[in-house]
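Here is how the chains run, residue by residue.
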Amino acid sequence: MEIQTILESLVTITKLNNPIYAEGANLINKPWVLREGADKEQIKLFESRGYQLPRELYQFLLFTNGIECGSSEQQIYDINTLIEQEKVNRSEFRPGIYNFAYFLGDRLFIDSSLIDSGNYIFFEGTGFNNGNLIGCDFITFLERLIVCNFHNYWRWLDYPQKTISYLNDCFYK
């Protein structure tokens, strides 16, 4: 599916804004929040610090500067949050890795060095310094996220997940 089609779906979903059930069977009224698109200069600032945005994430941020579902427990970060987290990214993670989303206890990351592979999104794994690649690019990630009402579907995957080392060397020496 093309990013434009998915973005149009987001507009439809936010116009309907039907209540959804969140974790713990809590009903969330008007759960979807889209924001005004990000400023290109802010995106360039983030990228100038050594982080590559996948083309679809770049387009997503121009369309809506992040998205939340229900609370800050389910969100794709806006560009300001990405910039604010840059110091943490640089000190904790290998170069080019950044946290771009948070869903129900899971931090999600992009490894800039893997963008061309199409398999560059991962979440924190269960072992020290291991993240689990979820086997997709941003557009597939976003499409699946919408289908499952913003729940952490990557925990439901039934295949051996490839792990990725993501912490900076200073954390495990």
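Above this text is the structure in question.
Definitions and limits used
Residues numbered from 1 in each chain as written. Predicted model: local features only at pLDDT ≥ 70, side-chain atom pairs only at ≥ 80, totals over all residues. Heavy atoms only, no water. Helix = DSSP H or I, 4+ residues; strand = E, 2+ residues; numbered from the N terminus. Buried < 20%, exposed > 50% of the residue type's maximum accessible area, 1.4 Å probe, protein only. Areas by Shrake-Rupley, 256 points an atom, 1.4 Å probe, with all protein chains shown as cover. Salt bridge = Lys/Arg side-chain N within 4 Å of Asp/Glu carboxyl O. Axes fitted to C-alpha atoms, helices over the stretch in contact; angles between N-to-C directions. Parallel < 35°, antiparallel > 145°, perpendicular 65-115°, else oblique. Contact = heavy atoms within 4.5 Å. Core = buried A, V, L, I, M, F, W, Y, C linked by side-chain atoms within 4.5 Å. Arc of directions from axis to C-beta.

Caption draft 1: Inspection of the overall build of the protein chain at higher detail. Counting secondary structure elements, the protein chain contains 6 helices and 10 strands. Split into buried and exposed, the 173 residues of the protein chain put 46% on the buried side. Carbon together with sulfur atoms contributes 49% to the accessible area of the protein chain, which is approximately 8,800 Å² in total.

Caption draft 2: Quick peek at the pattern of salt bridges. By the definition in use, this model includes 9 salt bridges. Here Lys44 makes a salt bridge to Glu41, at a shortest N to O gap of 3.8 Å. Highlighted residues: Lys44 and Glu41, both in helix H2 (residues 40-48), separated by 3 residues, approximately one helical turn. With a relative accessible area of 46%, Lys44 lands in the partly exposed category. Between Arg49 and Glu86 there is a salt bridge, and its shortest N-O distance comes to 3.8 Å.

Caption draft 3: Just the packing of helix H3 (residues 55-63) against helix H6 (residues 138-147), in detail. Here H3 crosses H6 at 55°, and the two axes come no closer than 7 Å. When the interaxial angle is binned, H3 and H6 end up oblique. The segment H3 lies against H6, with Glu56, Leu57 and Phe60 engaging Phe138, Ile139 and Leu142.

Caption draft 4: Inspection of the nonpolar core at higher detail. One finds Phe60, Ile76, Phe100, Leu108, Phe138 and Phe141 to be the most contacted residues of the largest nonpolar core, which totals 42 residues. Broken down by element, the residue count for this core peaks at 6 residues, all from H6. Those residues in contact with Phe60 that lie beyond four places of it in its chain are Leu7, Leu10, Gly66, Ile67, Ile76, Phe138 and Leu142. Ile97, Leu133, Ile164 and Tyr166 belong to the second-largest nonpolar core, a separate cluster that totals 8 residues.

Caption draft 5: Structural context of H6. All buried positions along H6 are accounted for by Phe138, Ile139, Phe141, Leu142, Leu145 and Ile146. Taken around the axis of H6, the buried residues stretch over an arc of 160°, which confines them to a single face. Note on H6: the residue one or two positions beyond its end, Asn149, has a positive phi of about 55°.

The values are spatial; any link to function lies outside them.
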